[in-house]
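Structural overview for review
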Amino acid sequence: MINLADDLRQAAEAVALLGSSSADYEALADAAVLSGQKQIAAARRLLDTRAAWMAGTIARRSRPELGHSGLAAQQGFLSPEALIQKWTGSSKGDAYKMVAVGTMMADAEAAEKQVEAALSSPDADAAEVAEFEAKVPWQAPIARAVTAGTLSVDAAESIRSGLGQIDAAVTAEKLGAALEALLTEASSLNADQVFKRARRMRDRLDEAGIAAREKQADDDRYLRVYRLGNGNVRLSGLFAPQDGEFVLSTFD
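In the nomenclature of an unreviewed UniProt entry, the protein is known as DUF222 domain-containing protein of Cryobacterium sandaracinum.

This next bit is on the overall build of the protein. Counting secondary structure elements, the protein contains 13 helices and two strands. With respect to the three principal axes, the spread of C-alpha positions in the protein is 75 × 55 × 45 Å. Considering the protein as a whole, with its 252 residues, one finds that 29% of them fall into the buried category. Taking all contacts inside the protein whose residues are at least 6 apart in sequence as the whole, residues at least 24 apart take part in 53%. Per element, the accessible surface of the protein, about 16100 Å² overall, is 55% carbon and sulfur.

Next up on the list: the nonpolar core. Ranked by internal contacts, the top residues of the largest apolar core, which has 36 residues, are I84, V101, M105, I142, L151, I159 and L163. Elements with a minimum of two residues in this core: α3 (30-60), α5 (80-88), α6 (92-120), α8 (140-148), α9 (153-163), α10 (172-186) and α11 (191-205). The greatest single-element share of this core, amounting to seven residues, is contributed by α6.

Before going further, it helps to examine the packing of aromatic side chains. All told, the structure shown has zero aromatic pairs when counted by the stated rule. Across from the ring centre of Y222, 4.2 Å away, lies the NZ or CZ of R224, which sits over that ring.

Here the structure, examined in full by the defined rule, presents 11 salt bridges. Residues E112 and R144 are paired through a salt bridge, measuring 2.1 Å at the closest nitrogen-oxygen approach. Note that E112 is positioned in helix α6 and R144 in helix α8, a separation of 32 residues in sequence. Among the salt bridges present, the one from K196 reaches E245, with a minimum N-O distance of 3.8 Å. One end of the pair, K196, is in helix α11; the other, E245, is in helix α13 (residues 241-251), with 49 residues separating them in the sequence.

Turning next to α5. Inspection of α5 places P80, E81, L83 and I84 among the buried residues, and these make up the whole buried set. Buried residues along α5 cover an arc of 160° about the axis, so they all sit on one side. Tucked inside the fold, the buried residues of α5 contact α3, α4 (71-74) and α6. Within two residues after α5, G89 carries a phi angle of roughly 75°, on the positive side.

To continue, consider the pairing of strand β1 (residues 222-227). For β1 and strand β2 (residues 233-238), the ladder comprises six bridges, and the chain directions are antiparallel. Across the sheet, residue Y226 finds its bridge partner in β2, namely R234. Where β1 hands over to β2, the hairpin turn is made up of five residues, of which G231 adopts a positive phi near 95°.

Below, the discussion takes up a nonpolar patch on the surface. Nonpolar side chains collect at one region of the surface, where L223, V225, V233, L235, F239, F246 and V247 lie side by side and expose about 680 Å² of accessible area between them. If you list the elements that add at least two residues to the nonpolar patch, you get β1, β2 and α13. The topology assignment puts V247 in helix α13. Judged by relative accessible area, which is 35%, V247 ranks as partly exposed.

Looking at where F195 falls in the secondary structure, it is placed in helix α11. The class of F195 is partly exposed, set by a relative accessible area of 34%. Sequence spacing of F195 and I40 is 155 residues, and the spatial spacing of their C-alpha atoms is 23 Å. In this structure F195 touches S158, S161 and G162, once residues within four positions along its chain are discounted.

Parameters at a glance
- Residues take numbers from 1 onward in each chain, read along the sequence in its written order.
- pLDDT decides what is reported in this predicted model: residues at 70 or higher carry local features, side-chain atom pairs at 80 or more are listed and counted, and totals for whole chains, interfaces and linings draw on all residues regardless.
- In computing side-chain values, all of the structure's heavy atoms are included and hydrogens and water are not.
- Helix numbering and strand numbering both begin at the N terminus, where a helix is a DSSP run of H or I of at least 4 residues and a strand a DSSP run of E of at least 2.
- When accessible area is computed with a 1.4 Å probe and restricted to protein chains, residues below 20% of their type maximum are described as buried, those above 50% as exposed, and intermediate ones as partly exposed.
- We call two residues contacting when some pair of their heavy atoms lies within 4.5 Å.
- For accessible areas, the Shrake-Rupley method is used with a probe of radius 1.4 Å. Any residue's cover is judged against the shown protein chains and nothing else.
- Side-chain atoms within 4.5 Å link the members of a nonpolar core, which is a set of buried Ala, Val, Leu, Ile, Met, Phe, Trp, Tyr and Cys residues.
- Here a Phe, Tyr or Trp ring, Trp counted by its six-membered ring, pairs with any other such ring whose centre lies within 6.5 Å, and the pair is stacked when the planes are under 30 degrees apart, edge-to-face when over 60, and tilted otherwise.
- The criterion for a charge sitting over a ring is simple: Lys NZ or Arg CZ within 6 Å of the ring centre, and within 35 degrees of the ring normal.
- The term salt bridge refers to a pairing of a side-chain nitrogen on Lys or Arg with a carboxyl oxygen on Asp or Glu at a separation within 4 Å.
- This arc is taken over the directions from the axis of the helix to the C-beta atoms.
- By this definition, two strands are paired if DSSP reports at least two bridges between them.
- Any residue with relative accessible area above 30% and no salt bridge may belong to a patch, with like charges joined within 9 Å and the nonpolar Val, Leu, Ile, Met, Phe, Trp and Tyr side chains within 5 Å.

Structure representation (structure tokens):
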């Protein structure tokens with residue numbers, strides 16, 4: 001069984017040994033720099049996993065139905081994301097990502113514990129176990145991979161958002177099969193690449209919806225350029241994915 005506390009402790013100790021100043025890091029040999037980067041990445045994955053767990057906990061204790069007694073509301077925030085962003089100094093997008101992944105992980109863990117409890121109960125029958133198994137979300141393998149440290153929170157959110165939700169055309173079984181294939185590739189891809197791969201998979205699963213989504217993306221496009229009173233020029237725009245990629249590559 002994975003001892004996550006020991007993993008985190010060892011990862012933190014390894015990073016601490018790298019040094020405590022820019023000069024210490026500059027003094028490292030190339031091999032130590034490359035090794036150190038991997039150690040830092042591993043430590044960040046472990047910390048981000050805990051950050052997601054905490055974000056999910058804050059979100060559950062700030063549920064809308066709790067009203068002013070919710071945790072975020074008690075602290076003067078309108079949402080759990082706002083609380084997390086304030087206390088971590090992160091972006092709004094990062095706060096939403098942590099809540100989304102943390103909530104997904106908590107839901108998957110709770111459902112799988114129900115299955116384990118049913119399997120260990122001498123009174124449970126096959127139908128009851130199957131009922132609990134059906135409640136395990138298709139995203140459960142993502143949660144397990146993040147917990148095991150083999151998938152970053154960033155990549156987990158890329159997969160979750162890229163594959164999308166269940167609908168009339170795309171069932172949980174189809175998404176689960178796509179996820180299984182994607183997880184075999186994810187370790188060699190960064191979060192941006194994982195998202196693009198996940199979106200392509202979703203498009204293949206929902207070919208009928210591609211045209212509708214492309215039309216909506218085209219309809220939503222706009223570019224506004226105007227001059228301010230002080231002479232500065234302001235640009236504001238929204239681009240379809242393919243146009244956006246061109247703009248980003250040109251800007252880069």
